[in-house]
Amino acid sequence: MYKIENVSISLLFGLILYVMLEIILHYLSMNKTAKVKRTLPYYAVISIGYFIKDCYKGNSKDIVRGMFIETCNFWNFIVSFVLLIISLVVAFAKPDYLIYLVGFNFWRFYSRNSEIILAFGFDVLNKKPTKTGDYFDKFDRLRLAVVSYFEIYLYSASFYMSLPIGNCESISLGLKSILMSFAIGSLTNVAYAQDILSKHDCCFDFSSDWLQLLPFFQIIATLSLIVLSLTIYISRESSKFKNKKHPWSLL
């Protein structure tokens, strides 16, 4: 079990490391001709990633803005995949060290879910022309949504893996975490995760009742893509930028 004070320290240092990751990721993704926009940090309370991304979008428009969004989408997927591998290795080799990951994985889970909900939600509900102009057609937006959909499985599994369940063996912990992520993300067996997180010997030294709310955060992010993005984007018009290149074309 994790002690409350250890979790608090992990959350603090995890927050610092996560902010550094977001700054580096978006700095490397931004176009050097764009200026960093200074905004009030109210978005940071909801999502650190969304706030930092909004700053580094700056005054960019059309192609520059579109390429920035695609690049961020690409690298976020890669980062989430790498974090899953790291979490798996730690869970299998040194399960006791997961305490050092729980804070970072929590902020990743919280921030990325919020960012996906805000970004795709605003894009779907916005009636005004977007600042990306005609750079994105419906297929581009669908691709971004699909990539983010699969990314949810990755960082969610990483987070669940850093919440050791009772006295589970490392292999069992890894498999259960991945199964939890797939069960919740596919909306097929949420009760499976609820049953695991409701156990009295689960995760922390204090009541784990609040942990049962976490799967619903993943569910809301998933629904924001499936119900809003993947369905409404079908009606969008095509783009005139047919020959644009983006990071995924390199694979």
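Residues numbered from 1 in each chain as written. Predicted model: local features only at pLDDT ≥ 70, side-chain atom pairs only at ≥ 80, totals over all residues. Heavy atoms only, no water.

A. Local environment of the overall build of the protein. Helix and strand counts for the protein stand at nine helices and zero strands. Seen in sequence order, the protein has helices and strands lined up from the N terminus as α-α-α-α-α-α-α-α-α. For the protein, buried positions account for 50% of its 251 residues. In the protein, the share of contacts with a sequence separation of at least 24, taken over all contacts with a separation of at least 6, comes to 77%. With an accessible surface of roughly 12,900 Å², the protein has 68% of that area assigned to carbon and sulfur atoms. (Helix = DSSP H or I, 4+ residues; strand = E, 2+ residues; numbered from the N terminus. Buried < 20%, exposed > 50% of the residue type's maximum accessible area, 1.4 Å probe, protein only. Contact = heavy atoms within 4.5 Å. Areas by Shrake-Rupley, 256 points an atom, 1.4 Å probe, with all protein chains shown as cover.)

B. Spotlight on the confidence of the model for the protein. Mean pLDDT for the protein: 78, with 73% of residues reaching 70 or above. The least confident element of the protein is helix α8 (residues 190–197), whose mean pLDDT is 65; the most confident is helix α4 (residues 62–93), at 91. Here residues 200–207 is modelled with pLDDT under 50, and outside its nearest four sequence neighbours on either side it reaches 23 contacts, counting other chains as well. Here residues 239–243 is modelled with pLDDT under 50, and outside its nearest four sequence neighbours on either side it reaches eleven contacts, counting other chains as well. (pLDDT = per-residue confidence, 0-100.)

C. Expanded view of the pattern of salt bridges. Inspection of every chain in the model, using the stated rule, returns six salt bridges. The salt bridge involving Arg112 is made with Glu115; its shortest N-O contact spans 3.0 Å. Placement of both Arg112 and Glu115 in helix α5 (residues 99–125) is noted, with a separation of three residues, approximately one turn of the helix. The two residues Arg112 and Glu115 agree in class, both being buried. Here Arg112 makes a salt bridge to Glu151, at a shortest N to O gap of 2.6 Å. Of this pair, Arg112 sits in helix α5 while Glu151 sits in helix α6 (residues 138–161), placing them 39 residues apart in sequence. Look at Arg112 and you get buried, because its relative accessible area is 4%. (Salt bridge = Lys/Arg side-chain N within 4 Å of Asp/Glu carboxyl O.)

D. Fine view of the packing of aromatic side chains. A complete count under the given rule lists 17 aromatic pairs for this structure. Their ring planes at 75° and their centres at 6.4 Å tell us that Phe109 and Tyr155 sit as a pair that is edge-to-face. Separated by 46 residues along the polypeptide, Phe109 in helix α5 and Tyr155 in helix α6 bring together distant segments of the chain. Residues Phe109 and Tyr155 agree in their burial class; the two are buried. When the centroid spacing of 5.5 Å and the interplanar angle of 75° are considered together, the rings of Tyr149 and Phe150 count as edge-to-face. For Tyr149, a relative accessible area of 16% corresponds to the buried category. Phe150 sits in the partly exposed class, given a relative accessible area of 44%. A connected cluster of aromatic rings, assembled from ring pairs, spans Phe106, Trp107, Phe109, Tyr110, Tyr155, Phe159, Tyr160 and Phe217. (Phe/Tyr/Trp six-rings, centres within 6.5 Å; stacked < 30°, edge-to-face > 60°.)

E. Examining the packing of α4 against α5 more closely. Their axes nearest at 12 Å, the elements α4 and α5 cross at an angle of 150°. Relative to α5, the element α4 lies roughly antiparallel. The two elements α4 and α5 cross, and the hand of that crossing is left-handed. Between α4 and α5, the residues in contact are Asn76, Val79, Ser80, Leu83, Ile86, Ser87 and Val90 and Leu101, Phe104, Asn105, Arg108 and Arg112, respectively. Among the residues making up the contact of α4 with α5, the classes are represented as six nonpolar, four polar and two charged. (Axes fitted to C-alpha atoms, helices over the stretch in contact; angles between N-to-C directions. Parallel < 35°, antiparallel > 145°, perpendicular 65-115°, else oblique. Left-handed = near helix turned anticlockwise from the far one by under 90°. Nonpolar A, V, L, I, M, F, W, Y, C, P; charged D, E, K, R; others polar.)

F. Expanded view of the packing of α4 against α6. Contact geometry for α4 and α6: axes closest at 9 Å, N-to-C directions at 25°. It follows that α4 is roughly parallel to α6 by the angle criterion. Crossing of α4 over α6 shows left-handed handedness. Facing α4, whose interface residues are Ile69, Glu70, Asn73, Asn76, Phe77, Ser80, Phe81, Leu83, Leu84, Ser87, Leu88 and Ala91, α6 presents Arg143, Leu144, Val147, Ser148, Phe150, Glu151, Leu154, Tyr155, Ala157, Ser158 and Met161.

G. The arrangement of the side chain of Asp140 in detail. Mapped onto the elements of the fold, Asp140 is located in helix α6. The exposure class assigned to Asp140 is buried, which follows from its relative accessible area of 7%. At a separation of 3.1 Å, a polar atom in the side chain of Asp140 contacts the side chain of Arg143. (Polar contact = N/O pair within 3.5 Å; in protein donor to acceptor, adjacent residues only side chain to side chain.)

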